[in-house]
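Each chain is listed here by its residues.
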Amino acid sequence: MEIREKSGNYCLKFYLHGTRLASGFVRNIKQAMVSLIQPVISFWNSSIGKKILVALSGAFLVFFLIGHLAGNLLVFTGRGALNDYAQFLHEMGHGKGVWIFRIGLLVALVLHIAATVALTRQNRSAKGSQYAHNATMRASRSSKIMIWSGLIVLAFLVFHIFHFTIRVNPELADMADPAQPERHDVWGMVIKGFENPLVSLFYIVALTLLCSHLSHGIASMFQTLGLRTGKTKDASKIIGIALAVALWLGFISIPVAVMTGLLKADSSGYSDTKASVIEAQIAKQ
Amino acid sequence: MNLTLKVWRQAGPESEGSMQTIEAEGISEDASFLEMLDVVNERIVEEGGDPIHFDHDCREGICGACSLTINGVPHSKQQGITTCQLHMRKFRDGDTIWIEPFRARAFPVMKDLMVDRSSFDRIIAAGGYIDVRTGSAVDANSVPIPKEDADSAFDSAACIGCGACVAACKNASAMLFVGAKASHLNKLPQGQVQKDERVLGMVRQMDAEGFGNCTNQYECEAVCPKEISADVIGKLNRDYVAATVKEAVK
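Residues numbered from 1 in each chain as written. Chains lettered and ligands numbered in written order. Predicted model: local features only at pLDDT ≥ 70, side-chain atom pairs only at ≥ 80, totals over all residues. Heavy atoms only, no water.

Before going further, it helps to spend a moment on the nonpolar core. Across soluble globular proteins, nonpolar side chains show a tendency to be buried alongside one another. Ranked by internal contacts, the top residues of the largest apolar core, which has 49 residues, are B:V166 and B:F211. The set of elements that each furnish at least two residues to this core consists of helix 2 (47-72) of chain A together with helix 2 (118-125), helix 4 (164-168), helix 5 (175-186), helix 6 (195-208), helix 7 (219-223) and helix 8 (231-249) of chain B. Of all the elements, helix 5 of chain B adds the most residues to this core, at 6 residues. Residues lining this core come from more than one domain, with at least three contributed by each of domain 1 (3-111) and domain 2 (118-249) of chain B. Setting aside chain neighbours within four positions, we find B:V166 in contact with A:K127, B:R103, B:A104, B:F107, B:F120, B:A172, B:S173, B:A174 and B:F211. (Core = buried A, V, L, I, M, F, W, Y, C linked by side-chain atoms within 4.5 Å. Buried < 20%, exposed > 50% of the residue type's maximum accessible area, 1.4 Å probe, protein only. Helix = DSSP H or I, 4+ residues; strand = E, 2+ residues; numbered from the N terminus. Domains from an automatic or database assignment. Contact = heavy atoms within 4.5 Å.)

Quick look at the structure:
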């Protein structure tokens, strides 16, 4: 009897100890979560915190643009080089690489837009009423239209993804590389895409706005990240404008080259669809 | 000289305001801008009207009391001066001059051209100081400070807290003011001990007061009567990141 009572007590003690351990563990996890999430929330809620997120996501997007342009310029070296590069991007990391990049870009883009829209709303509310007679002393034109240049570039981006990435137009989607018919003819698609003057015009307008956005954005990034000092302020401004103009020239060179006929699809026929190339090969055999 | 003034008139903090046209006749070109308003006010009082209310104190450009946005620019388009240092010879006979209060939600209008800038005082109270033992004065050279640091701290310390930076900013951001006040102390050895709590405290108070966010257009730098450089904003950003990281891992 005594033994049973004792063992019962032990069981109870063990049970209580266990629940205490478990509740302690839950409390520890809660504390860890709070200590992790609290700084993130207060960082987001602070004016400088959101600006730093804008600067970092913007920097990531600028690095992407540099890489994107370097790849695009392969269009001038011919069909093989650009299609090889496109194939490499899609096969990199067993096809996962391109998706890792896309997710990274999407996260950066969403952060950049969410933070800037939140900041712009705060800014408008902070000013309250406007001056009856308004004047500016130094602000550049680009800096005054950042939210609009950004949102128009976003609209272009949606179009651009439907146009060249998702390829909603079957004429562009079904193009096959004549040398390797199993792969898509990116080179032919780019040229065919830009042969439409409206597409080229929208592209050039959007890229011009992007250049305006970056001419203020890149220099601002240096300031927000605390890299702009008395010594580096001129350099940060020059880097911003130079990089914006270089990207603009590089990107618009392609539609301009297509429109002026400098870049033409050769006789091997960019309009060949995958099916027609395969049919032709079967006929040969 | 004869001028046409377009002046913001508002009876009180809760009232609706509007622009009123007032003719200012026979103004001496040697008068300061505030003296011109004094002359106009005397005439308004003689005619039994309500004089234009505006802030002023030392009239020497060192106290930070005077404000006024003149033709859309705080302290006027003349660089490196306060409104009290502006003279009527900078205008031409027959000019129309727009005179408005400093605009920002954190600077509510009290009456006419007077605004409540006590939000700046609360930012200072949140970290714009150092805690030191008072008593007999310490020898000036007991703490060696590099000349460059002393000069740059002094440049920041030149801020008179007038609020022109906020008034000029389309976002009503107080980053130049907070940057100047924080770096004034952060650059000196005496300010190091409380550097992080100062930066976090002042930035949080700035946000709580409802000031906007800097979009790096540097209108503030252009209108600052003490010509404080926007470099202090970069330093504030840098110090804020360091303080945030330290606070998160501490």
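Residue and element names in this part refer to chain B. With respect to the helices and strands, the residue S142 is situated in the loop between helix 2 and helix 3 (147-157). On the basis of relative accessibility, which here comes to 41%, the residue S142 falls in the partly exposed class. A polar atom in the side chain of S142 sits 2.9 Å from the backbone oxygen of D139. (Polar contact = N/O pair within 3.5 Å; in protein donor to acceptor, adjacent residues only side chain to side chain.)

Before going further, it helps to spend a moment on the domain arrangement of chain B. All names here are of chain B. One can read the domain layout of chain B as domain 1 (3-111) and domain 2 (118-249). Between domain 1 and domain 2, the C-alpha centre-to-centre distance is 29 Å. Taken together, the 18 residues of domain 1 in the interface contact 20 residues of domain 2. Together domain 1 and domain 2 conceal approximately 1,300 Å² of surface at their shared face, both sides included; 63% is due to carbon and sulfur atoms. On the domain 1 side of the contact with domain 2, P74, A106 and F107 bury the most area, a combined 34% of that side's loss. Applying the counting criterion to the domain 1 and domain 2 interface returns 0 salt bridges. Where domain 1 packs against domain 2, one counts 2 residue pairs in polar contact (both at pLDDT 80 or more). Residue composition of the side of domain 1 that touches domain 2, by class: 10 nonpolar, 7 polar and 1 charged. (Buried area = accessible area lost by both parts, 1.4 Å probe. Salt bridge = Lys/Arg side-chain N within 4 Å of Asp/Glu carboxyl O. Nonpolar A, V, L, I, M, F, W, Y, C, P; charged D, E, K, R; others polar.)

Moving on: the packing of aromatic side chains. What characterises a pair of aromatic rings is the spacing of the ring centres plus the angle enclosed by the ring planes. Applying the stated criterion to the full structure yields 10 aromatic pairs over all chains. Geometrically, the ring pair formed by A:F156 and A:F202 is edge-to-face, given 5.5 Å between the ring centres and 80 degrees between the ring planes. Here A:F156 is found in helix 6 (residues 146-165), whereas its partner A:F202 is found in helix 9 (residues 197-224), with 46 residues between them in sequence. Under the relative-accessibility criterion, A:F156 is labelled buried at 6%. Judged by relative accessible area, A:F202 falls into the partly exposed class, the value being 30%. Here the aromatic rings of B:F120 and B:F211 are separated by 5.9 Å at their centres, their planes lie at 40 degrees, and the arrangement is tilted. On the criterion of sequence distance, the pair formed by B:F120 in helix 2 and B:F211 in the loop between helix 6 and helix 7 is long-range, its members being 91 residues apart. (Phe/Tyr/Trp six-rings, centres within 6.5 Å; stacked < 30°, edge-to-face > 60°.)

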